[in-house]
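Below are the chains, spelled out letter by letter.
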Amino acid sequence: MRAQVLPLRTLVLTAALAAAAVAAPAHAFSDDEARRAILDLRQQVQQQNEQNQRARLQLADQLQSLQQEITQLREQLELVSRQQPNTQPGQGANNPPGATASDPREQAAYDGAIDQFRKGQYKEAAESLAAFIALYPASQLAPTAKFYLGSSRYAAKDYKGAIEELNQLVQQSPDNARAPDALLVIAGSQIELNNRAGAKASLQRIVKDYPNTPAAETAQSRLQLLQ
C-alpha cells in the first residue's frame, strides 16, 4: 500500500502546535515576577533566621547573667548565715548580745545544734534547732535559733521552709539583731523559687527598716542586680 501523504497545510499546523507545547514550560519559568517573588521570600526567610539567632544569643547571655547573679547572692547569703553575732565578755560565741542561758541543759542543747550547723550538717541542725525551740520557746536564744533553723533549711534547699521559719523570726522579733540577715536569706530563697518580685520586696524592706546595717548595703547591691 502506498503511504498516505498529508497535505502541506496539515503538516505546518502540526509542527506549530508541537513547538508551542515545548516552549510553554520554558516561558512559565522565565517569568520575572515569579523570580522576584522567590528571591524576596528567600531573603525574608534568611533575615528571620538571622533575627532568631540574635534573639537566642541575647537570651542565652541574659540567662547566664541571671545565673551569675543568683550564684553571687547565694554565696553571700551562705556567708551571712554563718556569721556570728557580736559577743561580749561572758557570752558564748554563738549567743546574741545580752542573751545567756541560765539552764546548762538549755545552753548545751543550743550549742550542740549550732555546732551541727557550723559543720554543715544542715538536716541534723534543723532537727536539733526545731527541738530546741519547742523545748525552750521563751528562751532568749530562741530568736537566734530560729535564724539558724531558717538558714539550715536554706542550705538544705528547703526554700519554702526557710521562708516560713525566717518570716516568723522577723514578725515576732523585728528588733532582733538577726532580723535584717533573716530578710536577706528570705530574699535568696525567693530568688531560688523564681519569685523575683518577692525578693525585691524583701530587699527593699531591709533598706527601709534597717538602713544602718551591713545587710542594708548588701540588699542595695542585690537590688541593682535584680533591676
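These lines cover the structure that appears in this document, whether it is placed above or below. For clarity, every value in this text was computed on a predicted model and none was experimentally measured.

Let's talk about the environment of A131
Part 1 of the argument: Inspection of the secondary structure puts A131 in helix α4 (residues 122-135).
Part 2 of the argument: Since its relative accessible area comes to 38%, A131 is described here as partly exposed.
Part 3 of the argument: Residues A131 and Y110, spaced 21 residues apart in sequence, show a C-alpha to C-alpha distance of 9.6 Å.

Structural notes on the packing of aromatic side chains
Part 1 of the argument: Applying the stated criterion to the full structure yields 6 aromatic pairs.
Part 2 of the argument: Measuring from centroid to centroid gives 5.2 Å for F147 and Y148, while their planes differ by 80°, and the two rings are edge-to-face.
Part 3 of the argument: F147 sits in the buried class, given a relative accessible area of 0%.
Part 4 of the argument: Here Y148 falls in the buried class, since its relative accessible area comes to 0%.

Let's talk about unusual backbone geometry
Part 1 of the argument: The phi dihedral of K157 falls on the positive side, at around 65°, and the residue is not glycine.
Part 2 of the argument: Tracing the chain through its elements places K157 in the loop between α5 (142-155) and α6 (159-172).
Part 3 of the argument: Overall, the relative accessible area of 63% leaves K157 in the exposed class.
Part 4 of the argument: Even without being a glycine, N194 presents a positive backbone phi close to 65°.
Part 5 of the argument: Within the secondary structure, N194 sits in the loop between α7 (179-192) and α8 (196-209).

Focus on α5
Part 1 of the argument: An ideal rise of 1.5 Å per residue puts 20 Å on 14 residues; α5 measures up with 20 Å between its terminal C-alpha atoms.
Part 2 of the argument: Burial analysis of α5 places 12 of its 14 residues in the buried class, the great majority of the element.
Part 3 of the argument: Turning to α5, its buried residues are A142, P143, T144, A145, K146, F147, Y148, L149, G150, S151, S152 and Y154.
Part 4 of the argument: Of the residues one or two after α5, K157 is the one with positive phi, at around 65°.

Overview of the pattern of salt bridges
Part 1 of the argument: By the definition in use, this model includes 4 salt bridges.
Part 2 of the argument: Between R178 and D181 there is a salt bridge whose closest N-O contact spans 2.9 Å. One exposure class covers both R178 and D181, and it is buried.
Part 3 of the argument: Here D209 makes a salt bridge to R205, at a shortest N to O gap of 3.4 Å. Pair noted here: D209 and R205 are both in helix α8, with a separation of 4 residues, about one helical turn.
Part 4 of the argument: Of the residues examined, D209 reaches a relative accessible area of 41% and is grouped as partly exposed.
Part 5 of the argument: Residue classification places R205 among the partly exposed positions, given a relative accessible area of 35%.

Analysis parameters
Residues numbered from 1 in each chain as written. Predicted model: local features only at pLDDT ≥ 70, side-chain atom pairs only at ≥ 80, totals over all residues. Heavy atoms only, no water. Helix = DSSP H or I, 4+ residues; strand = E, 2+ residues; numbered from the N terminus. Buried < 20%, exposed > 50% of the residue type's maximum accessible area, 1.4 Å probe, protein only. Phe/Tyr/Trp six-rings, centres within 6.5 Å; stacked < 30°, edge-to-face > 60°. Expected span 1.5 Å × (residues − 1). Salt bridge = Lys/Arg side-chain N within 4 Å of Asp/Glu carboxyl O.

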